[in-house]
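Listed below are the residues making up each chain.
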Amino acid sequence: MAALRSPLSRLFTVLLAGLLAGLVLAVAALPGNLLLGFAARSALGSYAALPDSLRTPATPQRSYLYANDGKTLITTFYDVNRTDVALDDIAPVMRQAIVAAEDRRFYDHGGADLRGLARALVANVKGGGTEQGGSTLTMQYVRNVLKTDPGRTAEERAAATDPTIGRKIQEIRYAGALEKSLGKDEILHRYLNIAYFGSGAYGIAAASQRYFGKAPARLTLAESALLAGLVQSPDAYSPIDGDRDAALARRSYVLDSMVATGAVTAAQATQAKAEPLTLRPTAQPNGCTAVAEGHDDWGYFCDYLRRWWLTQPAFGATVAEREQALRSGGYTVVTSLDPKVQATAQQQATKVYGYGNKRALPIAAVQPGTGRVLAMAVNRHYSLADNPAGQANYRNTVNPLISGGASVDGYQAGSTFKLFTMLAALESDRTLSTGFDAPAKLPTRYPAEGPGSCDGRWCPANANPDWMDGYRMMWDGFGRSVNTYFVWLAEQVGQDKVVEMAQRLGITFRADSDAAFAKDNAANWGSFTLGVAATTPLDLANAYATVAAEGTYCTPLPVVSVTAADGEKVPVGEPSCKRVLDADVARAATDAARCPVGQQSPYGQCNGGTATGVDDILDGRPVAGKTGSSEQNSTETFVGFTPQVAVAGIAANPDDPADSVGSAVQSKVIDAVARVIATAVKGQPEKAFAAPSRELAGEPRRPVERAPVVPDRQPTQDPRSALQRWLDRRG
């Protein structure tokens, strides 16, 4: 833009300054009309010789998203967030603002402002401050068209911003040729319809809607100045995604420039500067809201894929370039979404809670060993339609309820976090037979007040003492979900090791309070093993998938393959995996995880579980898993896995954590997740879990005891209330 996106290298600056050394002196003496004529004569090009994309801007090609069968169309992506508008439909003050911000001499030069370029070059050679640019609006338009032209190769698009003398001279030539054939208003019109204003908004129509929820014809002076200021550095200045203070400072600069050009008076500028920044952002429309009719549940997966896409350097150096590539690059994307698994997950989520229920059951399914995401379902419509007052996520939402991010920190997953304590213990040379006489309440070293405390110390309790208390090992401690056993075990191992284990398996702390505790006070996070940190079904499913894959962690992946418009495969579809656990440690944890679901470990030490109905649903197929209930049953969770799939579901109220879902829904969550697993493995060969070594199993010290099944209803015993934790996470 006016200040080059990629600043000219010092060498390039010096060389080009030398090339134009004589010009610098001449510029200082030449009158404006002579300079204009010189610029026109120096264009060295004709309109007919211009690339087609500059004479007739290329029509972007659509990108197509398919399910993992390569045939089921999910949606198409195209540049829906750019709508060309006529110049008369853009407020005059907006036109004046962009000229003042980016090219004050726009109406005086012939495409290349040699006076401004020379001034910038001299300033850059001298140094001592921020490098200046000399690009005119016409030159910027040339650069924008060439770097986004879908008809050019990736190398050609990249060359449009190369810091080379040849590229800069070519840009000047093209700008001069355009100016000889198109009027100033047409160039300004084209520029305003292609410029990037940040936060996904291309062109002034999309920008005015994105930031202020209005048509560009209705923009005020203050709003116009703000938008005009964004194009220099859209990602940094965007008051939605970037720096609000920087956006306001840039707005003031534009207003001062408008005074200098005579577009407004000093009094008008002062008044505009005093106006508060009042944004009315509208959600960015994209292809995910346009999925096939009757399949708006696919929108959550689609949105996850889009957010993943924007992190991939293969599609561009910046977020803006990657967004543009998706919308105009003509890619064919075969995603990892399995239509059958997705259909079952959506059916089960809505069976537990209908679309009309404020509570939700987000479900995620992941393939162990690849990280490919097979399904993402929740009883919500992926839609921008209005909701009842105060309900951000009911009934319609585009927020990532399943994967987390944006405003979604996640949900407490209760005792499912005991897996991380068990893994940390096994890695620290404990065995599955590590025994402890678990009491009904366990006084700890952590200070606490109020309910859940004993003489000023945090004192977690077992929810069902008759069934949980007594001598326990990892097998039945996990199977019966004995709180006091696992709090004791975490103290023996070290809470910091438990927290680190969770992070190693991909648990992300999105809530600020959780992230701060993990970073600064992990050793004292006594209740962590009871699942008080917020997580998501996707993170949880992938963590358990790591155990299913015998210790191989794979980054969640939403694609199978991506093919560019020219038929070349883009190298982004291969799994990114690494070993994070010893295989025997993972096998030992799996062995204990057979207990909750009603199956038996090879060592015969399971004697009761909290989700024994899973074995019947899977018809005896090897399966493992864990239930979880948070304090006062505010959430209910189940995660299950086979060697081929891991699935997690968390029942919660995304808008009100104080609205406890209640223990009665736990059996429904278990049933829903188990049936998604059954669909995912249907038709696949049955695979057994490998048994852990005798060394990690250890020697049980008491005979196997049999007991009836009791639901997992243990409170987390975090000294903070569920509501207080929710408030803490939001500052």
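Residues numbered from 1 in each chain as written. Predicted model: local features only at pLDDT ≥ 70, side-chain atom pairs only at ≥ 80, totals over all residues. Heavy atoms only, no water.

S.K.: Before we move on, could you go through the packing of helix α11 (residues 203–212) against helix α12 (residues 221–230) and cite the residues and values that matter?
M.R.: Where α11 contacts α12, the two axes come as close as 11 Å, and the packing angle between them is 115 degrees. α11 and α12 meet at a crossing whose hand is right-handed. Across the interface between the two elements, Ile204, Ala207, Ser208, Tyr211 and Phe212 from α11 touch Glu223, Leu226, Leu227 and Leu230 from α12. By residue class, the composition of the contact of α11 with α12 is seven nonpolar, one polar and one charged. (Axes fitted to C-alpha atoms, helices over the stretch in contact; angles between N-to-C directions. Helix = DSSP H or I, 4+ residues; strand = E, 2+ residues; numbered from the N terminus. Left-handed = near helix turned anticlockwise from the far one by under 90°. Contact = heavy atoms within 4.5 Å. Nonpolar A, V, L, I, M, F, W, Y, C, P; charged D, E, K, R; others polar.)

S.K.: Which residues make up helix α25 (residues 537–548), and what values do they have?
M.R.: In an α-helix there are 3.6 residues to a turn, and that puts residues three or four apart on one side. In this model α25 runs 16 Å from its N-terminal to its C-terminal C-alpha over 12 residues, within 8% of the 16 Å that 1.5 Å per residue would give. Burial within α25 is extensive, with 12 of its 12 residues counted as buried. Regarding α25, the residues found buried are Pro537, Leu538, Asp539, Leu540, Ala541, Asn542, Ala543, Tyr544, Ala545, Thr546, Val547 and Ala548. The first or second residue beyond α25 is Glu550, which carries a positive phi of 55 degrees. (Expected span 1.5 Å × (residues − 1). Buried < 20%, exposed > 50% of the residue type's maximum accessible area, 1.4 Å probe, protein only.)

S.K.: Go over helix α28 (residues 666–681), please, and point to the residues and values.
M.R.: With 16 residues, α28 should cover 22 Å at 1.5 Å per step; its first-to-last C-alpha distance of 23 Å lies within 8% of that length. In this fold, the buried residues of α28 make contact with α18 (339–352), α27 (613–617), β16 (624–629), β17 (636–641) and β18 (646–651). Among the residues trailing α28, Gly683 stands out with phi positive, at a value near 85 degrees.

S.K.: Help me get a handle on the nonpolar core, residues and values and all.
M.R.: Grouped together as the largest cluster of nonpolar side chains are 110 residues, with contacts concentrated most on Trp309 and Phe420. Counting 61 residues, the second largest nonpolar core, distinct from the first, contains Val85, Ala175, Leu188 and Phe212. (Core = buried A, V, L, I, M, F, W, Y, C linked by side-chain atoms within 4.5 Å.)

S.K.: Residues and numbers for the state of the cysteines, please.
M.R.: Applying the stated criterion across every chain yields a total of four disulfides. Between the sulfur atoms of Cys288 and its disulfide partner Cys302 the distance amounts to 2.1 Å. The S-S bond linking Cys288 to Cys302 shows a torsion near -80 degrees; that makes this disulfide left-handed. Of the two residues, Cys288 sits in the loop between α15 (266–274) and α16 (298–309) while Cys302 sits in helix α16, which places them 14 residues apart along the sequence. When its relative accessible area of 0% is taken as the criterion, Cys302 is described as buried. Here the cysteine-cysteine linkages of the protein chain are recorded as 1-2, 3-4, 5-6, 7-8, numbering only bonded cysteines and doing so in sequence order. (Disulfide = S-S within 2.5 Å.)

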